[in-house]
Amino acid sequence: MSRHVLAISDLSDEEIESILRRAEEMEATLERRTEAAHGGDAGAIPRSAAGRIMATLFYEPSTRTRLSFEAAMWRLGGAVISASDMKSSSASKGETLADTAKVVSSYADVLVLRHFWDGAARVAAEHADVPLINAGDGSHEHPTQTLCDLYTLKRAKGTLRGITVAIGGDLKRGRTAHSLVRALARFKANIVIIPARGMEFPDWLLQKVAEEYGYRPTVARPGDLKALARDVNALYLAPARPHQLTLFTDTEFDLQERLAEAEPITLDALYMTRPQRERRDDTTDDGVEYLRVDTDTFQDPTMRHTVLMHPLPRTGEISSALDRDPRALYFRQAASGVPVRMVLVEMVLAE
């Protein structure tokens, strides 16, 4: 039976930790290979996909995800076939996703699918005869981006357990954030969510995180980030349950009064997302307050240990003036896509 990766929950904690360790080894090998081109000693990249073919089926635009998957397959010695634009494929003639998955899986050994429908990856996997990896389905999940995010966080902080991560922006439609919050809760990180108004996490997702991990994130507002930067004591851990940050609603929103006796914590990472305008069904989001990060935000001493992350592309949420700041890790996140996806491809092809 084929091993599909459709959601971050399809991977166990042990598998995630193994992928992160193996990706670090793979990245080091890739770096040595680059050095070898300038006279260094290269390590051997495993050609574990030699003779195998990956088919990339992208029904939505993509740069980083698609190219890093294809680069990963080539690095492993395999080959890639792809429709350059699925809108020009048989889908434009009315072919169903199920039929496309069935047919293309007879040409390839692994499928990588991006689709604009929530749940499309699961539908395709039910009809594919080879492993299928979800490269993002609608506003649902993006598990391989989350692996890159976890990898970057662990490299920066040394651990995932117990760190505090704020996730800001469009959390309603941001599939990267949907996968990330579930992964962070599993590893007992502390999560602060900072949605733009009208772009809050779906209730079903928060309910699932609460049911599966006994956890609810703390809620803050976009305008509170600079206050958090000036006074980290505005964020508190509930003293009785170290992993349980308290959930605040609009009607009970006073962090300091509610937990004045609690222990202050440090913000380890701020993870930004862009407005998902391509998935809006109206213009009600126009003009809403959206969290934007600039150099002033990160100049405060209390944020000296806070790293800045973004799955990209960015559309104004992060000032380009921060690009040279060593705490800005978003380009490193993007680069991690090759070693992380190399390891994942190896894993599904080996089963």
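Residues numbered from 1 in each chain as written. Predicted model: local features only at pLDDT ≥ 70, side-chain atom pairs only at ≥ 80, totals over all residues. Heavy atoms only, no water.

1. A short note on the overall build of the chain
Rules: Put simply, DSSP H or I for four residues or longer makes a helix, DSSP E for two residues or longer makes a strand, and each gets a number counted from the N terminus. Burial status follows relative accessibility: with a 1.4 Å probe on protein chains alone, a residue under 20% of its type maximum counts as buried, one over 50% as exposed, and anything between as partly exposed. By the convention used here, residues are in contact when the closest approach between their heavy atoms is within 4.5 Å. Per-residue and other accessible areas were derived by the Shrake-Rupley procedure at a 1.4 Å probe size, with only the shown protein chains allowed to occlude residues.
Looking only at helices and strands, the chain features 12 helices and 11 strands. Within the chain, buried positions represent 54% of all 351 residues. In the chain, the share of contacts with a sequence separation of at least 24, taken over all contacts with a separation of at least 6, comes to 73%. On the chain, roughly 15600 Å² of surface is accessible, and the fraction owed to carbon and sulfur atoms is 49%.

2. Let's talk about unusual backbone geometry
Here the amide bond leading from L312 into P313 is cis, since omega sits at 5°, within 30 degrees of zero. By the element assignment, P313 lies in the loop between β11 (307-309) and α11 (330-335). Here the phi dihedral of K188 falls at roughly 60°; this positive angle occurs in a residue that is not glycine. For K188, the position within the fold is in the loop between α6 (175-186) and β6 (190-195). K188 gets classed as partly exposed once you look at its relative accessible area, which sits at 48%.

3. Structural notes on the pairing of β6
The criterion, for reference: For the handedness criterion, the strands are oriented away from the viewer, and a crossover whose path from the first strand over the helix to the second runs clockwise is classed as right-handed. In this analysis, strands are considered paired if DSSP registers two or more bridges between them.
Counting buried positions over the 6 residues of β6 gives 6, a clear majority of the element. Covered by surrounding structure in β6 are N190, V192 and I194 together with I191, I193 and P195, the residues of both alternating faces. In the classification by handedness, the crossover that spans strand β5 (residues 164-169), the intervening α6 and the parallel β6 is right-handed. Summarising the sheet, β6 and strand β7 (residues 218-219) pair through 2 bridges and their orientation is parallel. Pairing of V192 across the sheet is with T218, part of β7.

4. Some thoughts on the sheet that holds strand β3 (residues 110-115)
So the rule is basically this: Axis definition: a line fitted to C-alpha atoms, over the contacting stretch in the case of helices. Angles run 0 to 180 degrees between N-to-C directions.
With respect to topology, 4 strands assemble into an open sheet ordered β2-β1-β3-β4, the strand pairing being parallel. Two strands close off the open sheet at either side, each with one partner strand: β2 (79-82) and β4 (132-137). Shown here is a sheet whose adjacent strand axes are inclined to one another by a mean of 20°, direction ignored. Bridging between strand β1 (residues 53-58) and β3 involves 5 bridges; their strand directions are parallel. Bridged to T56 within β3 is V112. The sheet contacts of helix α12 (residues 337-350) involve β1, β3 and β4, and relative to β4 the element is tilted by about 135°.

5. Brief notes about the confidence of the model for the chain
This is how the line gets drawn: As a per-residue measure, pLDDT reflects the predictor's confidence and takes values from 0 up to 100.
For the chain, the average pLDDT comes to 83, and 78% of its residues sit at 70 or higher. Note that pLDDT drops below 50 for residues 231-262; the model gives that stretch 70 contacts with residues more than four away or on any other chain.

6. As for α6
Because each turn of an α-helix spans 3.6 residues, side chains separated by three or four positions end up pointing in the same direction. Where we set the bar: Helix span, expected: 1.5 Å multiplied by one less than the number of residues in the helix.
Helix length check: α6, at 12 residues, gives a terminal C-alpha distance of 17 Å against a target of 16 Å (1.5 Å per residue), a fit within 8%. Where burial is concerned, most of α6 is hidden: 12 out of the 12 residues are buried. Among the residues of α6, R175, T176, A177, H178, S179, L180, V181, R182, A183, L184, A185 and R186 are the ones counted as buried.

7. Focus: the sheet that holds β6
Spatially, the 5 strands line up as an open sheet ordered β7-β6-β5-β10-β11, and their pairing is parallel. On the outer flanks of this sheet lie β7 and β11, each paired with one strand and no other.

8. Let's talk about the pattern of salt bridges
Here is the rule we go by: When a carboxyl oxygen of Asp or Glu lies within 4 Å of a side-chain nitrogen of Lys or Arg, that pair is called a salt bridge.
The final tally for this structure, using the stated rule, is 17 salt bridges. Note that E346 is salt-bridged to R22, the shortest N-O span being 3.6 Å. Taken together, the residues E346 in helix α12 and R22 in helix α1 (residues 13-36) connect sequence positions 324 residues apart. E346 sits in the buried class, given a relative accessible area of 17%. Of the residues examined, R22 reaches a relative accessible area of 27% and is grouped as partly exposed. One salt bridge connects E212 with R182, and the closest N-O pair in it is separated by 3.3 Å. Note that E212 is positioned in helix α7 (residues 203-213) and R182 in helix α6, a separation of 30 residues in sequence. Residue classification places E212 among the partly exposed residues on the basis of a relative accessible area of 38%. Through salt bridges with shared partners, a single ionic network connects E141, R182, K208 and E212.

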